[in-house]
Amino acid sequence: AQKITQTQPGMFVQEKEAVTLDCTYDTSDPSYGLFWYKQPSSGEMIFLIYQGSYDQQNATEGRYSLNFQKARKSANLVISASQLGDSAMYFCAMPANAGGTSYGKLTFGQGTILTVHP
Amino acid sequence: DTAVSQTPKYLVTQMGNDKSIKCEQNLGHDTMYWYKQDSKKFLKIMFSYNNKELIINETVPNRFSPKSPDKAHLNLHINSLELGDSAVYFCASSQEQGFVSGELFFGEGSRLTVL
């Protein structure tokens with residue numbers, strides 16, 4: 001079974017600086033993907049970025065990028081030029097069974113609360 | 001237009017009552033889900049439906065009964081509410097049931113408080 005671990009319960013960053021949120025995973029599937037979601041205090045879940053295990057390059061979406069290191073089984077989220085609106089809970093997630101048979105079952109990490117200071 | 005909408009957003013009720021949460025998606029997706037987020041913010045899947053057919057039932061007590069009248073709707077009915085049912089319930093949808101790269105689209109969540 002897949003396992004997702006986020007070891008940072010909370011992180012602080014100064015506005016305009018970059019921050020890295022850690023995520024490690026464990027899976028025996030040869031093909032898999034990693035998602036990052038943001039949950040602001042208002043409660044909704046917002047999709048940020050996705051990385052497939054066979055993607056050659058690290059995924060980027062605006063200020064978000066994934067530092068994907070397969071050998072270390074890590075998929076860290078890097079947020080550049082932090083903004084006050086980035087303060088939120090961030091979740092790393094993985095389909096429970098990859099290869100097209102996950103049936104939408106995402107396994108989530110424990111989450112990291114990011115606080116951006118002005 | 002909200003892609004995945006849930007009602008109500010907040011629900012406060014007494015132990016033992018029965019309540020329902022409704023979910024609708026206008027994305028044309030085939031698959032819908034219910035996830036539960038507990039007080040420690042841990043998210044876990046409860047149910048998955050594909051084209052009105054139950055695909056995943058993640059060992060949820062049978063007091064929880066999902067119903068999908070059509071592929072755009074997935075409602076959650078909870079009987080005999082208990083204190084431990086207090087949580088935020090998220091509805092979600094995806095294009096395919098066996099997604100790898102397609103993300104889930106979440107609703108805004110329904111916060112249930114059982115007193």
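Residue positions within a chain follow its written sequence, with the count starting from 1. Written order determines the labels here, with chains lettered from A and ligands numbered from 1. In keeping with the predicted nature of the model, local features appear solely for residues at pLDDT of at least 70, side-chain atom pairs appear and are counted solely at 80 or more, and the whole-chain, interface and lining totals rest on all residues. The basis for every side-chain value is the complete set of heavy atoms in the structure, and neither hydrogens nor water enter the calculation.

Ring pairs shown here join Phe, Tyr and Trp side chains whose ring centres sit within 6.5 Å, with only the six-membered ring taken for Trp; geometry is labelled stacked below 30 degrees between planes, edge-to-face above 60, and tilted in between. Scanning the entire structure with this criterion turns up 16 aromatic pairs over all chains. Relative to F47 of chain A, the ring of F35 of chain A lies with its centre 6.1 Å away and its plane at 65 degrees, an arrangement referred to as edge-to-face. With a gap of 12 residues between them, F35 of chain A in strand β5 (residues 33–39) and F47 of chain A in strand β6 (residues 46–52) connect regions that are remote in the sequence. With a 1.4 Å probe rolled over the protein chains alone, any residue whose accessible area is under 20% of its type maximum counts as buried; one over 50% counts as exposed, and the rest are partly exposed. Looking at F47 of chain A, the relative accessible area reads 26%, which means it is partly exposed. Centroid distance Y37 of chain A to F47 of chain A: 5.9 Å. Interplanar angle 70 degrees. Geometry classified as edge-to-face. On the criterion of sequence distance, the pair formed by Y37 of chain A in strand β5 and F47 of chain A in strand β6 is long-range, its members being 10 residues apart. Y37 of chain A gets classed as buried once you look at its relative accessible area, which sits at 0%. Here the aromatic cluster, defined as three or more aromatic residues joined through ring pairs, consists of F35, Y37, F47, Y50, F91 and F108 of chain A together with Y33, Y35, F90 and F106 of chain B. Cation over ring: R63 of chain A sits above Y64 of chain A, and NZ or CZ is 5.8 Å from the ring centre. Both a distance and an angle decide whether a charge sits over a ring: NZ of Lys or CZ of Arg must be within 6 Å of the ring centre and within 35 degrees of the ring normal. The ring of Y54 of chain A has K70 of chain A lying over it, and the distance from NZ or CZ to the ring centre is 4.8 Å. Runs of E in the DSSP output that reach at least two residues are strands. Runs of H or I that reach at least four are helices, and both are numbered from the N terminus.

Of the residues in chain B, 93% have a pLDDT of 70 or more, and the chain-wide mean is 90. Known as pLDDT, the predictor's per-residue confidence is scaled from 0 to 100. At the level of individual helices and strands, chain B shows its lowest average pLDDT in strand β6 (residues 53–57) of chain B, which scores 83, and its highest in strand β3 (residues 19–25) of chain B, which scores 97.

Buried Ala, Val, Leu, Ile, Met, Phe, Trp, Tyr and Cys residues that are joined via side-chain atoms within 4.5 Å together make up what is termed a nonpolar core. In terms of nonpolar packing, the biggest core is built from 24 residues, with Y25, L34, W36, I49, L77, Y90 and L114 of chain A touching the most fellow members. The leading source of residues in this core is strand β10 (residues 88–95) of chain A, at 4 residues. In what follows, residue pairs with any heavy atoms lying within 4.5 Å of each other are defined as contacts. Those residues in contact with Y25 of chain A that lie beyond four places of it in its chain are K3, I4, Y32, L34, F68, Q69, K70, K73, S74, A75 and M94 of chain A. Membership of the second largest hydrophobic core comes to 20 residues, among which are V4, M46, V60 and L74 of chain B.

What follows deals with unusual backbone geometry. All names here are of chain B. A cis amide bond links T7 to the next residue, P8, at an omega of -5 degrees. Residues other than glycine seldom take positive phi values, yet S80 does so here, at roughly 45 degrees. Its relative accessible area of 38% is what places S80 among the partly exposed residues.

Any two cysteine sulfur atoms within 2.5 Å of one another count as a disulfide. A complete count under the given rule lists 2 disulfides over all chains for this structure. Across the disulfide, C23 of chain A is cross-linked to C92 of chain A (sulfur-sulfur distance 2.0 Å). With the S-S dihedral at roughly -65 degrees, the linkage between C23 of chain A and C92 of chain A falls on the left-handed side. In this pair, C23 of chain A is assigned in the loop between β3 (19–21) and β4 (24–26) and C92 of chain A in strand β10, connecting sequence segments 69 residues apart. By relative accessible area, which is 0% here, C23 of chain A ends up buried. Look at C92 of chain A and you get buried, because its relative accessible area is 0%. Bridging C23 of chain B to C91 of chain B, the disulfide has an S-S length of 1.8 Å. Of note, the bridge from C23 of chain B to C91 of chain B carries an S-S torsion of about -80 degrees and is left-handed in sense. Placement of C23 of chain B in strand β3 and of C91 of chain B in strand β9 (residues 87–94) is noted, with a sequence separation of 68 residues between them. Relative accessible area serves as the criterion here: at 2%, C23 of chain B is assigned to the buried category. Assessed through its relative accessible area of 0%, C91 of chain B is described here as buried.

Residue placement: Q6 of chain A occurs in the loop between β1 (3–5) and β2 (10–14). Every residue in contact with Q6 of chain A, bar those within four places of it in the chain, is listed here: D22, W36, Y90, F91, C92, G109, Q110, G111 and T112 of chain A.

Attention shifts here to the pattern of salt bridges. The salt bridge definition used is simple: a Lys or Arg side-chain nitrogen within 4 Å of an Asp or Glu carboxyl oxygen. Inspection of the entire model under this criterion finds 6 salt bridges over all chains. As a salt-bridge pair, R63 of chain A and D86 of chain A come within 2.8 Å of each other at their nearest N and O atoms. Here R63 of chain A, found in the loop between β7 (60–61) and β8 (64–69), pairs with D86 of chain A, found in the loop between β9 (74–79) and β10; they are 23 residues apart in sequence, far enough to count as distant. In this structure R63 of chain A comes out as partly exposed when scored by relative accessible area, which is 23%. For D86 of chain A, a relative accessible area of 2% corresponds to the buried category. Where D30 of chain B meets K71 of chain B, a salt bridge forms, and the shortest distance between an N and an O atom there is 2.8 Å. Within this pair, whereas D30 of chain B is found in the loop between β3 and β4 (31–37), its partner K71 of chain B is found in the loop between β7 (64–70) and β8 (73–78), the two being separated by 41 residues in sequence. By relative accessible area, which is 23% here, D30 of chain B ends up partly exposed.

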